[in-house]
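Residue-level structure breakdown
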Amino acid sequence: MDLDQLRAGCLGCQKCGLCATRTNVVFGTGVADAEVMFIGEGPGQQEDEQGLPFVGRSGQLLDRYLEAIGLFRDKNIFIGNIVKCRPPQNRDPLPEERQACLPWLREQFRLIQPKIVVCLGRIAAQQIIRPDFSVTKEHGQWTQKGGVWFTATLHPAALLRNPRQKPDAFEDYVAIRQKIHEVCTHTYTV
Ligand code: URA
């Protein structure tokens, strides 16, 4: 199975109720040999309409942070979400929706084999790093599990609501660049 085959399977998923209200499944975007994966919460309205992650206002902000440290979707990273379908009215994805969707993310990890995973916001951090993870207090900290480095930063939508946190977030991205230099082999040479 490769990433395109996984995508094809995911696009027809009916494992939770979100399939009834979605316009498109948002599988994720990026390169199959990415060493760095960014994981958000779930699609919003624009993502649902276009079938691509982080294409709305928060996505534009995310792209600015990424470009600042030499990362580009479709060049040297993969961007995905905890749930692949939009929760109505952008509510938090329910525990059963996250559980139903998790096998897709696990397969994405297994195929891509990232060296670094960056959780964007609370929902991703609590699902992937620790259930009681506090993004406010613990963003920018790193933990290693099974040879993979994990960190979390503030969700770009939170930064749009609270721009005073932008310098803190920028520091997280600078640390991500440093970690890439330490543990990645081809992220900055493609
Ligand atoms: N917010 C997310 O968490 N993910 C997206 O894809 C878009 C907005």
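Right, let's talk about empty space enclosed by the protein for a bit. Across all of its chains, the model carries one cavity of 30 Å³ or more by this definition. Looking at the largest cavity, its volume works out to about 100 Å³. What lines the largest cavity is a set of 15 residues, and nearest its centre among them are Cys-13, Cys-16, Arg-22, Cys-85 and Cys-101. Broken down by element, the lining of the largest cavity gets its largest block of residues, four residues, from helix α4 (residues 95–112). Taken together, the residues of the lining of the largest cavity break down into eleven nonpolar, no polar and four charged.

Here we take up the environment of Thr-136. As for its placement among the helices and strands, Thr-136 is situated in helix α6 (residues 135–138). For the pair Thr-136 and Asp-92, spaced 44 residues apart in the sequence, the C-alpha separation amounts to 18 Å.

Close to the ligand lie Gly-40, Glu-41, Gly-42, Glu-47, Pro-53, Phe-54, Ser-58, Asn-81 and His-155, which account for all nearby residues. In this structure, Gly-42 approaches the ligand through a main-chain N or O atom, which is 3.0 Å from a nitrogen atom. A distance of 3.0 Å separates an oxygen atom of the ligand from a polar backbone atom of Phe-54. Protein coverage of the free-state accessible area of the ligand, which is 240 Å², stands at 93%.

This part takes up the layout of surface pockets. Of the volumes computed, that of the largest pocket is approximately 700 Å³. As for the largest pocket, its lining consists of 28 residues, and the residues nearest its centre are Glu-41, His-155, Ala-157, Ala-158 and Arg-161. Of all the elements in the fold, those that place two or more residues in the lining of the largest pocket are α2 (45–50), α3 (57–68), α5 (122–128), α6 and α7 (156–161). Along the lines of polarity and charge, the residues of the lining of the largest pocket split into nine nonpolar, twelve polar and seven charged.

Right, let's talk about helix α1 (residues 3–11) for a bit. Restricting attention to buried positions, one finds in α1 the residues Leu-3, Leu-6 and Cys-10. Viewed end-on, α1 has its buried residues packed into an arc of 60°, placing them on one side of the element. Counted as exposed and oriented over 90 degrees from the buried face of α1: Asp-4 and Ala-8. Where the residues of α1 are buried, they touch β3 (78–81) and α4. Where α1 begins, the capping side chain belongs to Asp-2, and its oxygen is found 3.1 Å from the backbone nitrogen of Asp-4.

Calculation notes
Residues numbered from 1 in each chain as written. Predicted model: local features only at pLDDT ≥ 70, side-chain atom pairs only at ≥ 80, totals over all residues. Heavy atoms only, no water. 1 Å grid on protein atoms, 1.4 Å probe; cavity = no way out; pocket = protein on both sides within 12 Å on 5 of 7 lines; lining within 4 Å. Points joined across faces, edges and corners; volume = space filled by probe spheres on them. Helix = DSSP H or I, 4+ residues; strand = E, 2+ residues; numbered from the N terminus. Nonpolar A, V, L, I, M, F, W, Y, C, P; charged D, E, K, R; others polar. Near = heavy atom within 4 Å. Polar contact = N/O pair within 3.5 Å; in protein donor to acceptor, adjacent residues only side chain to side chain. Areas by Shrake-Rupley, 256 points an atom, 1.4 Å probe, with all protein chains shown as cover. Buried < 20%, exposed > 50% of the residue type's maximum accessible area, 1.4 Å probe, protein only. Arc of directions from axis to C-beta. Contact = heavy atoms within 4.5 Å.

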